[in-house]
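Architecture at a glance
This is what each chain is made of:
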Amino acid sequence: GATLTLADGKQIDLSEARKGLIAEQNGVSISKTSDGKLVYTVTNLNTNIQEINTLSTVNGQQYEVILPDGSKIWLNAASTLTYPANFAKQNKRKVELSGEAYFEVAKDKSRPFLVRTDRQEVEVLGTHFNVNSYRNEEATKTTLLEGSVRVSDSKTQKVLLPGQQSLLTGESLSISKVDVEEAVAWKQGDFIFKNEAFDAVLRQVARWYNV
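These lines cover the structure that appears in this document, whether it is placed above or below. In this text the structure is predicted, and so the values were computed from the model without any measurement. (Residues numbered from 1 in each chain as written. Predicted model: local features only at pLDDT ≥ 70, side-chain atom pairs only at ≥ 80, totals over all residues. Heavy atoms only, no water.)

1. Observations concerning the pattern of salt bridges
According to the stated counting rule, one finds eleven salt bridges in the structure shown. Across the pair Glu137 and Arg207 runs a salt bridge, and its minimum N-O distance is 3.2 Å. Within this pair, whereas Glu137 is found in the loop between strand 13 (128-133) and strand 14 (140-146), its partner Arg207 is found in helix 2 (residues 198-209), the two being separated by 70 residues in sequence. For Glu137, a relative accessible area of 16% gives the class buried. (Salt bridge = Lys/Arg side-chain N within 4 Å of Asp/Glu carboxyl O. Helix = DSSP H or I, 4+ residues; strand = E, 2+ residues; numbered from the N terminus. Buried < 20%, exposed > 50% of the residue type's maximum accessible area, 1.4 Å probe, protein only.)

2. Focus: unusual backbone geometry
Even without being glycine, Ala78 reaches a positive phi, approximately 55°. Its place among the elements puts Ala78 in the loop between strand 8 (72-75) and strand 9 (80-84). Judged by relative accessible area, which is 28%, Ala78 ranks as partly exposed. Residue Asn210 is not a glycine yet carries a positive backbone phi of 55°.

3. Quick word on the environment of Val211
With respect to the helices and strands, Val211 occurs in the segment after helix 2. Val211 sits in the exposed class, given a relative accessible area of 70%. Taking the C-alpha atoms as reference points, Val211 and Thr117, 94 residues apart in sequence, are found 25 Å from one another. Not counting the four nearest positions on each side in its chain, Val211 is found in contact with Val205 and Ala206. (Contact = heavy atoms within 4.5 Å.)

4. A closer look at the environment of Glu181
Along the chain, the position of Glu181 falls in helix 1 (residues 180-183). With 14 residues separating them in the primary sequence, Glu181 and Asn195 have C-alpha atoms 15 Å apart.

5. A short note on the packing of aromatic side chains
With the rule as written, the count across this model stands at seven aromatic pairs. With a centroid separation of 5.5 Å and an interplanar angle of 85°, the aromatic rings of Tyr40 and Tyr83 are classed as edge-to-face. Residue Tyr40 is found in strand 5 (residues 37-42), and its partner Tyr83 is found in strand 9; the two are separated by 43 residues along the sequence. With respect to burial, Tyr40 and Tyr83 carry one shared label: buried. Ring centres of Phe191 and Tyr209 lie 6.3 Å apart, and the angle between their planes is 55°; on these two criteria the pair is classed as tilted. Taken together, the positions of Phe191 in the loop between helix 1 and helix 2 and Tyr209 in helix 2 put the pair 18 residues apart, joining distant regions of the chain. With relative accessibility at 52%, the residue Tyr209 sits in the exposed group. Among the aromatic residues, those joined into a cluster by ring pairs are Phe191, Phe193, Trp208 and Tyr209. One cation-aromatic arrangement involves Lys187 over Trp74; the distance from NZ or CZ to the ring centre is 4.3 Å. Geometry around Tyr134 places Arg207 over its ring, the cationic atom sitting 3.6 Å from the centre. (Phe/Tyr/Trp six-rings, centres within 6.5 Å; stacked < 30°, edge-to-face > 60°. Lys NZ or Arg CZ within 6 Å of the ring centre and 35° of its normal.)

By themselves these figures say nothing about function.
Pasting the structure below:
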């Protein structure tokens with residue numbers, strides 16, 4: 001389940017919404033599929049109006065959204081994703097994340113895809129990656145599965161290769177090779193812990209099971 005907040009402030013409980021068309025914004029229609037995805041479909045490429053939508057989950061919830069450019073995003077528990085309802089006539093595809101999400105970004109060399117958190121920015125053209133940016137965690141982690149991304153904070157820029165993870169702690173941005181399966185296990189409904197601190201494990205359990 002999740003909650004969709006439209007540009008006019010209207011909130012839609014997606015666990016209660018029926019499948020099919022649930023809303024229309026300038027230049028797009030928003031539908032819920034039979035398997036519980038949120039799908040944006042472009043209906044007008046000529047609109048100049050930018051309406052901002054917010055998809056949010058609480059503890060124990062997850063949701064998948066397909067943006068109007070075809071990019072797929074899986075939102076983990078206790079997370080918020082803010083994005084334009086329509087990317088038409090924009091030179092960048094920009095979204096904001098609080099919490100954790102897995103991204104499969106549709107390729108578009110003319111319009112980079114930007115993911116902003118409170119501490120960093122990730123820029124891609126088309127790739128698969130995971131961003132973990134919970135405010136109650138000590139570090140922001142960006143893990144790359146496919147393609148390449150550029151991670152930047154206020155002082156530093158780093159380019160990731162597949163199988164690498166950036167770790168932003170305080171003002172230190174570092175890169176290391178990691179087990180990507182561990183980083184994205186949540187997307188498959190699994191927990192994989194290797195040398196993880198016990199309190200970090202319990203924070204994940206708390207978000208997943210709402211305890």
